[in-house]
Amino acid sequence: RNVMLCVEQAGDAATMSSLARCRNLDPKFERTILIRNKLDKYYKDLTPDNVNKWVDGYGDLPSHLPRFALTLPFWQDGMAGPPKPFRELVKDMDTEDKSQMQRRGLS
C-alpha cells in the first residue's frame, strides 16, 4: 500500500489546494498524511484562542487525517551552504516550533 504525503504551506485548512488534489485520489484520506510547512511564517496568527482549532483545521480536516506542522531549515540565498550541520538546523527548528506552539497554549 502506498501513502501520499500532502505538503501544504501553513495556513487556513479551508484554502489548502494540495489537500483538495489529494482528496481526488484518496477521497476518504485513508492513505494521506498532511504536512503543513513554513509554520514559522504562521506563528503570529496563532493565539491561545485559536491554536488548537487551527491544528484541527477549524473543523475542515477529518479527525482521522494524520497531520504534522513544521518549519524546515533555511538559510539566506548566496551562502555556500548551511550555517551549521543540517541535522542541527532541523533540531533547532523543531525546538523553536514546539516552544512557539506551547507559548500559544497548544494542548
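Further up the page is the structure itself.
Rules behind the numbers
Residues numbered from 1 in each chain as written. Predicted model: local features only at pLDDT ≥ 70, side-chain atom pairs only at ≥ 80, totals over all residues. Heavy atoms only, no water. 1 Å grid on protein atoms, 1.4 Å probe; cavity = no way out; pocket = protein on both sides within 12 Å on 5 of 7 lines; lining within 4 Å. Points joined across faces, edges and corners; volume = space filled by probe spheres on them. Helix = DSSP H or I, 4+ residues; strand = E, 2+ residues; numbered from the N terminus. Nonpolar A, V, L, I, M, F, W, Y, C, P; charged D, E, K, R; others polar. Pairing = 2+ DSSP bridges. Axes fitted to C-alpha atoms, helices over the stretch in contact; angles between N-to-C directions. Contact = heavy atoms within 4.5 Å. Core = buried A, V, L, I, M, F, W, Y, C linked by side-chain atoms within 4.5 Å. Buried < 20%, exposed > 50% of the residue type's maximum accessible area, 1.4 Å probe, protein only. Right-handed = clockwise from strand over helix to strand, strands pointing away.

**Some details on the layout of surface pockets**
A probe matching the size of a water molecule, rolled over the atoms, marks out where space remains unfilled.
Inference 1: Taken as a whole, the largest pocket encloses approximately 240 Å³ of empty space.
Inference 2: The element that contributes the greatest number of residues to the lining of the largest pocket is helix α3 (residues 86-103), accounting for 5 residues.
Inference 3: Across the lining of the largest pocket, the residue classes break down as 7 nonpolar, 1 polar and 5 charged.

**A few points about the sheet that holds strand β3 (residues 67-69)**
Inference 1: Here 3 strands make up an open sheet; going across it, the order is β1-β2-β3 and the pairing parallel. Each of the sheet's edge strands pairs with one partner strand only, and the pair in question is β1 (4-9) and β3. The mean inter-strand angle of the sheet, taken between neighbouring strand axes irrespective of direction, is 20°.
Inference 2: Of the strand pairs in this sheet, β1 and strand β2 (residues 32-37) are connected by 6 bridges, and their pairing is parallel. Bridge pairing in β2 links Q9 to N37.
Inference 3: Sheet contacts for helix α1 (residues 17-25): β1 and β2; angle to β1, the most-contacted strand, approximately 160°.

**Overview of the nonpolar core**
Inference 1: With 9 residues, the main nonpolar core is built from C6, A13, M16, L19, C22, F29, L34, L61 and L65.
Inference 2: Core analysis: the second largest hydrophobic core is formed by 8 residues, L39, Y42, Y43 and L46 among them.

**Side note on the pairing of β2**
Inference 1: In terms of residue burial, β2 counts as a mostly covered element, since 5 of its 6 residues are buried.
Inference 2: The parallel pair β1 and β2, bridged by α1, forms a crossover whose chirality is right-handed.
Inference 3: With 3 bridges joining them, β2 and β3 adopt parallel strand pairing. Looking across to β3, one finds that R36 is bridged to A69.

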